[in-house]
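Architecture and fold: a report
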Amino acid sequence: MNYLFSDKVKDMQPSAIREIFKSLSDPNMISFAAGNPAAASFPVEKIRAISEQILLTDPTGALQYSVTEGYGPLREQLKARLRDKFSIGTSDDELIVTTGGQQGIDLAAKVLCNEGDTVICENPSFIGALNAFRSYNAKLVGVDVEQDGINVEKLEQALKDNPNTKLIYLIPTFQNPSGITMSLERRRAVLALAERYGAVILEDNPYGELRFDGEDVPTIKSLDKTGTVLYCSSFSKILSAGMRVGFICGNKALIQKIVVVKQVNDVHTNIFFQMLASRFMEVYGLDEHIASIRALYRQKSALMVEALEEQLGGILEIVRPQGGLFIWGTLPDKYDSAVFAKKAIGNMVAVVEGKTFMPDQSAVSHSFRMNYSTPTDEQIIEGVRRLRKTLDDYDA
């Protein structure tokens, strides 16, 4: 049968990152391509104990339908944590639990964007968000990221050139893929521009609690007094990615509409895992657990930086991470990262080419993303050595 796909999806392509995973079945392949948290970061025994307790004390609550907005105790815990640690939340704000941060991004686009509306995002940006916006036939406009965040002058020009801009999508802290953190000055400037031009900022912050170096920078949402910012985050990088528990916080009018569209999406997020996250916060707290993850990633990122400097110093320009999961590397202009990534697969090491993260898929990139949370220490050292061999092969 000849299937006629909808206009919304007919031009969509599979995630390049997910496609890379198909080449990782060989046990000799070393992957720097994932965005996964380290397996060592999962508190398995604590989760096992809480799971047993939930099924003993409230099995019906864990296995029955629940409300779309999310498990009540978890929502109240999240509101308190956002208020106390991030100064997020006013009397005009509300919060809904989502099926991972990805669903929060998708629902925000669904309630705000008509076909043909513009979404401004960082260049480069998170592929999952870019594909979500593409699925609603939004026009993507990328604005370059610099060492301290999005270029504010270019952002304002993009807003002037695109008066139908509905959404500005930003990952201001440990940006995926670049690892860059936006300065407080630029956060204030971006918020002022969004207010002036009537666009909503979707602030995606899945990595913010994974800082292992430097000083915290206030979230854009904490600066918001006018309901301009939707704040999205999740438990994926701080507790368990497979639980698929996220949340989105913003003005009540926006959240109420998100509740309605979520009802026709998945009814509600997995209630058992919502209860598990809530009990974990109640019994163990998150701060001590997150501190252990930060220590783990501090060590692993330092190891990868050291290996990259030893093997590729003077050739590969890298962004030194202060947190998060990634290192962004940029080669001289004569190198196409798509060709480099393909040659790297031949040398049994996987990275993600830079074009994957670009709003303009016709552009050429000289950069690529590397992940240090998933590989072992030995794999990091050997994988970087293989990247050096790939560069030598490219020049041969």
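The sections below set out a description of the structure shown in this document. Counting restarts for each chain: residues are numbered from 1 in the order of the written sequence. Local features are withheld for residues below a pLDDT of 70 in this predicted model, meaning they are given only at 70 or higher, and side-chain atom pairs are given and counted only at 80 or more; totals for whole chains, interfaces and linings count all residues. Water and hydrogen atoms play no part in the side-chain values, which are based on all heavy atoms of the structure.

1. Some thoughts on the overall build of the chain
Where we set the bar: In this description a helix means any DSSP run of H or I spanning at least four residues, a strand means any run of E spanning at least two, and both kinds are numbered starting from the N terminus. Note that the radius of gyration is over C-alpha atoms, with the globule rule given as 2.2 Å times the number of residues to the power 0.38. Only protein chains enter the accessibility calculation, which uses a 1.4 Å probe. A residue is then buried if its area is under 20% of the maximum for its type, exposed if over 50%, and partly exposed in between. Should any heavy atoms of two residues lie within 4.5 Å, those residues are counted as being in contact. Here the Shrake-Rupley method, with its probe set to 1.4 Å, supplies the accessible areas, and only the displayed protein chains count as covering residues. In this count, Lys and Arg are taken as positive residues and Asp and Glu as negative ones, while His and the chain termini are left out. The atoms used to mark charge sites are NZ of Lys, CZ of Arg, CG of Asp and CD of Glu.
Helix and strand counts for the chain come out as 14 helices and 14 strands. For the chain, whose C-alpha radius of gyration is 21 Å, the value lies close to the compact-globule estimate of 21 Å for 396 residues. For the chain, buried positions account for 55% of its 396 residues. Restricting to contacts in the chain with at least 6 residues of sequence separation, those with at least 24 account for 78%. Here the chain displays about 17,300 Å² of accessible surface, and carbon together with sulfur accounts for 50% of that area. Positive and negative side-chain charges of the chain, numbering 43 and 50 respectively, have mean locations separated by a distance of 2 Å.

2. Here we look at the side chain of S337
Counted only if it meets this: For this analysis, a polar contact is any N or O atom pair within 3.5 Å, provided that within protein one partner can donate a hydrogen and the other can accept it, and provided that sequence-adjacent residues contribute only side-chain to side-chain pairs.
Looking at where S337 falls in the secondary structure, it is placed in helix α13 (residues 337-346). Given the relative accessible area of 1%, S337 is considered buried. Within polar-contact distance, the side chain of S337 engages the backbone oxygen of S367 at 2.9 Å. Every residue in contact with S337, bar those within four places of it in the chain, is listed here: E353, G354, K355, S365, H366 and S367.

3. Observations regarding the pattern of salt bridges
Stated precisely, the cut-off is as follows: Any Lys or Arg side-chain nitrogen located within 4 Å of an Asp or Glu carboxyl oxygen qualifies as a salt bridge.
The full count for this structure, using the stated rule, is 24 salt bridges. The residue K79 makes a salt bridge to E94 at a minimum N-O spacing of 2.7 Å. You can see K79 sitting in helix α4 (residues 72-86) and its partner E94 sitting in strand β2 (residues 93-98), a full 15 residues away along the chain. Given the relative accessible area of 24%, K79 is considered partly exposed. In this structure, E146 and R186 form a salt bridge, with 2.8 Å as the shortest nitrogen-oxygen distance. With a gap of 40 residues between them, E146 in strand β4 (residues 139-146) and R186 in helix α8 (residues 184-197) connect regions that are remote in the sequence. Residue R186 is classed as buried on the basis of its relative accessible area, which comes to 16%.

4. Some details on the sheet that holds strand β11 (residues 326-330)
The cut-off we apply is this: Only strands that DSSP links by at least two bridges are regarded as paired with each other. Fitted lines through C-alpha atoms give the axes, limited to the stretch in contact for helices. The angle between two N-to-C directions lies from 0 to 180 degrees.
Sheet architecture is open: 4 strands sit in the order β10-β11-β14-β13, paired in antiparallel fashion. Pairing within the sheet leaves two strands with one partner each, and these edge strands are β10 (317-318) and β13 (352-353). In the sheet, β10 pairs with β11 via 2 bridges, with the strands oriented antiparallel. The residue bridging E317 from the neighbouring strand is T330, located in β11. Here helix α12 (residues 287-312) sits on the sheet in contact with β10, β11 and β14 (367-371), set at roughly 15° to β11.

5. Considering the packing of helix α7 (residues 152-161) against α8
Quick reminder of the rule: Each angle is binned into one of four classes, with values under 35 degrees roughly parallel, values over 145 roughly antiparallel, values of 65 to 115 roughly perpendicular, and all other values oblique.
Where α7 meets α8, the closest approach of the two axes is 10 Å, and the angle between their N-to-C directions is 10°. Classified by the angle their axes make, α7 and α8 are roughly parallel. Contact residues: V152, L155, E156, L159 and K160 in α7; R186, A189, V190, L193, R196 and Y197 in α8.

6. A look at the sheet that holds strand β6 (residues 165-170)
Within the open sheet, the 8 strands sit side by side as β2-β9-β8-β7-β6-β3-β4-β5. Their pairing is mixed. Each end of this open sheet is capped by a strand with a single partner; those strands are β2 and β5 (149-150). Examined bridge by bridge, β2 and strand β9 (residues 246-251) share 6 bridges and lie antiparallel to one another. Bridge assignment links D93 to a residue of β9, and that residue is N251.

7. Concerning the nonpolar core
Side chains of a nonpolar character, in soluble globular proteins, are inclined to be buried together. Counted only if it meets this: Side-chain atoms within 4.5 Å link the members of a nonpolar core, which is a set of buried Ala, Val, Leu, Ile, Met, Phe, Trp, Tyr and Cys residues.
Among the nonpolar cores identified, the biggest contains 93 residues, and F133, L230, F235, L308, M370 and L387 are the most heavily contacted of them. Among the elements that take part in this core, α12 stands out by supplying 9 residues, more than any other. With 19 residues, the next largest nonpolar core counts I120, V143, I150 and A194 among its residues.

8. Description of the packing of aromatic side chains
Under the convention used in this document: Planes of paired rings set the category: under 30 degrees apart is stacked, over 60 is edge-to-face and the rest tilted, where pairs are Phe, Tyr or Trp rings (Trp by its six-membered ring) whose centres lie within 6.5 Å.
Under the criterion given, the structure shown has 8 aromatic pairs. Between F280 and Y284, the ring centres sit 5.3 Å apart and the planes meet at 50°, which makes this aromatic pair tilted. Ring geometry for W328 against F357: centres 6.0 Å apart, planes inclined by 75°, an arrangement best described as edge-to-face. Here F357 lies in the loop between β13 and β14 and W328 lies in strand β11, a separation of 29 residues in the sequence.

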